[in-house]
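Given next are the chains, with one letter for each unit.
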Amino acid sequence: MALQALHSSGVAFRKILSHFPEELSLAFAYGSGVYRQAGPNSDQKNAMLDFVFTVDDPIAWHSENLKKNWSHYSFLKVLGPKMITSVQDNYGAGVYYNPLIMCDGRLIKYGVISTSILIEDLLNWNNLYIAGRLQKPVKIIAMNENVILRSALDKNLKSAVTAAFLMLPESFSEEDLFIEIAGLSYSGDFRMVIGEDKTKVLNIVLPNMAHFRELYSSILQENPQVVYKTQQGRLEIDKSPEGQFTQLMTLPKTLQQRINHIMDPPGRNRDVEETLLQLAHDPDCGDVVRLGLSAIVRPSSIRQSTKGIFTAAGGSGLQSLQPRMPHCTVEVEQQRVCNLALRLQKLENGEHLFKFCLKNSVIYSSLKLHKMWKGWLRKTS
């Protein structure tokens, strides 16, 4: 089973995990601090460790984590675990990140996502955010016996292979395949335009070919539509209209819907199967699939990054801003926003509460964006 390739018994990771509430259905570490990358992120020793914690009951988990790790949260902590969970579930890509945390002498970032939302993303690619991270090698450090979650993790890997096949020629190398798979969740990601290294996908894949091979080899060997020549590292797939239609019909539901929206002329209102049958005969099939992926990734990446400004606006976020403004001004503004948040806690409508809080804490996002802009100017000057 492909998931076996994800497991790790890393003691260091488990030691970090011990600082958090135990009620996890899945916990994994990912990124350049876990797997070596080429390019600017090649320094593994000093790289930040990235974690994702999947929880069945996020309100209960955040409640316990606030008791253990109050300082990890931004000013939203004063609104309590219910509001934090509402922000987590209803804004961005369904994950709540606490960044720039020192834990056991290492700088870490951890995201929290509910099990049900993760399963939906794995099966349907609603956001292709955490699902996209799980299409690349990760270190799973804790996982319970949730059969539905395990099945969804496996389905996500198979869907990644299918989507990549549709964007590749009839014959290609393992390297070509893994580059396509690793790039799925970056299709349309605005960070690849304004922030990330443009060679990020290559830097992930090339030093980790063995890990990708371990993760996907069983899926490729069991797939009836591919001839996998393991010794040569080459693959051949069925690019006939019939073969492509079969692949299109097994794509995640949200991607099928985005493709249908791209292909369906105004007023036609064709069903998805009719659209996919037409696309299977189209020589530009792979390009349309790529556009469909972008239509999922772009909005979710923008929403999640915007949410991150506010979930990191206090605590470590404020510390990063202090060199840019007088210390007393930061403290006064932090107190002002906390006072506002405490008053707003009396409101019953959580959505209005969060929007109002964001409006009155605009100074935090403005300062952070200003810092990012000044940094970008220095790099390009």
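Just above, that's the structure.
First, a word on scope: everything that follows refers to the structure included in this document. This one's a predicted model, so the numbers in the text were calculated from it and none came from an experiment. (Residues numbered from 1 in each chain as written. Predicted model: local features only at pLDDT ≥ 70, side-chain atom pairs only at ≥ 80, totals over all residues. Heavy atoms only, no water.)

**Focus on the overall build of the protein**
And then number 1: A count of helical and extended segments in the protein gives 18 helices and eight strands.
And then number 2: When the 381 residues of the protein are sorted by exposure, 53% land in the buried category.
And then number 3: By sequence separation, contacts in the protein at least 24 residues apart represent 70% of the contacts at least 6 residues apart.
And then number 4: Surface summary for the protein: the accessible area is close to 17800 Å², and the carbon and sulfur share equals 54%. (Helix = DSSP H or I, 4+ residues; strand = E, 2+ residues; numbered from the N terminus. Buried < 20%, exposed > 50% of the residue type's maximum accessible area, 1.4 Å probe, protein only. Contact = heavy atoms within 4.5 Å. Areas by Shrake-Rupley, 256 points an atom, 1.4 Å probe, with all protein chains shown as cover.)

**Brief notes about helix H4 (residues 115-124)**
And then number 1: Among the residues of H4, those classed as buried are Thr115, Leu118, Ile119, Asp121, Leu122 and Asn124.
And then number 2: Next to the buried residues of H4 lie strand S1 (26-30), strand S2 (49-55), strand S4 (106-114), helix H5 (130-133), helix H6 (147-166) and helix H12 (253-263).
And then number 3: The positive-phi residue at the C-terminal boundary of H4 is Trp125, with phi of around 60°.

**Focus: unusual backbone geometry**
And then number 1: The phi dihedral of Asp104 falls on the positive side, at around 55°, and the residue is not glycine.
And then number 2: Relative to the helices and strands, Asp104 resides in the loop between strand S3 (95-103) and S4.
And then number 3: Using a relative accessible area of 39% as the deciding quantity, one classes Asp104 as partly exposed.
And then number 4: Of note, the phi angle at Leu128 is positive, near 55°, even though the residue is not glycine.
And then number 5: On the secondary structure map, Leu128 appears in the loop between H4 and H5.

**Points about the environment of Met83**
And then number 1: Inspection of the secondary structure puts Met83 in helix H3 (residues 81-90).
And then number 2: When the C-alpha positions of Met83 and Ile59 are compared, they lie 8.7 Å apart, and in sequence the two are 24 residues distant.

**Focus on the side chain of Thr115**
And then number 1: Tracing the chain through its elements places Thr115 in helix H4.
And then number 2: We classify Thr115 as buried; its relative accessible area is 5%.
And then number 3: For Thr115, the residues in contact, after removing those within four places along its chain, are Ser25, Thr54, Val55, Asp56, Asn146 and Leu149.

**Details of the pairing of S1**
And then number 1: Buried residues dominate S1, accounting for five of its five residues.
And then number 2: Burial along S1 is two-sided: the residues Leu26, Phe28 and Tyr30 and Ala27 and Ala29 are all buried.
And then number 3: Where S1 and S2 come together, five bridges link them in antiparallel fashion. Considered in S2, the bridge of Ala29 is made with Phe51.
And then number 4: As judged from the four bridges shared by S1 and strand S5 (residues 139-143), these two strands associate in the antiparallel manner. Counted as the bridge partner of Phe28 is Ile140 from S5. (Pairing = 2+ DSSP bridges.)

**A word on the environment of Val55**
And then number 1: Within the secondary structure layout, Val55 lies in strand S2.
And then number 2: Along the primary structure Val55 and Ser114 are separated by 59 residues, whereas in three dimensions their C-alpha atoms are 5.0 Å apart.
And then number 3: In contact with Val55, other than residues within four places in its own chain, are Glu23, Leu24, Ser25, Trp61, Val112, Ile113, Ser114 and Thr115.

**Focus: the nonpolar core**
And then number 1: Grouped together as the largest cluster of nonpolar side chains are 67 residues, with contacts concentrated most on Ile130, Leu177 and Tyr216.
And then number 2: If one sorts the elements of this core by residue count, H6 sits on top with 10 residues.
And then number 3: Contact partners of Ile130, with chain neighbours within four places excluded, come to Phe28, Val52, Val95, Tyr97, Ile113, Leu118 and Asp121.
And then number 4: In terms of nonpolar packing, the next biggest core, distinct from the first, is built from 30 residues, Leu24, Phe53, Tyr96 and Cys103 among them. (Core = buried A, V, L, I, M, F, W, Y, C linked by side-chain atoms within 4.5 Å.)

**Some words on the environment of Glu22**
And then number 1: The residue Glu22 is located in the loop between helix H1 (11-17) and S1 in this model.
And then number 2: Sequence separation of Glu22 and Ala142 is 120 residues, and the distance between their C-alpha atoms is 9.6 Å.

**Here we look at the side chain of Gln244**
And then number 1: Secondary-structure assignment places Gln244 in helix H11 (residues 241-249).
And then number 2: Judged by relative accessible area, which is 5%, Gln244 ranks as buried.
And then number 3: Those residues in contact with Gln244, other than ones at most four positions away along the chain, are Leu166, Asp238, Lys239, Ala280, Asp282 and Cys285.

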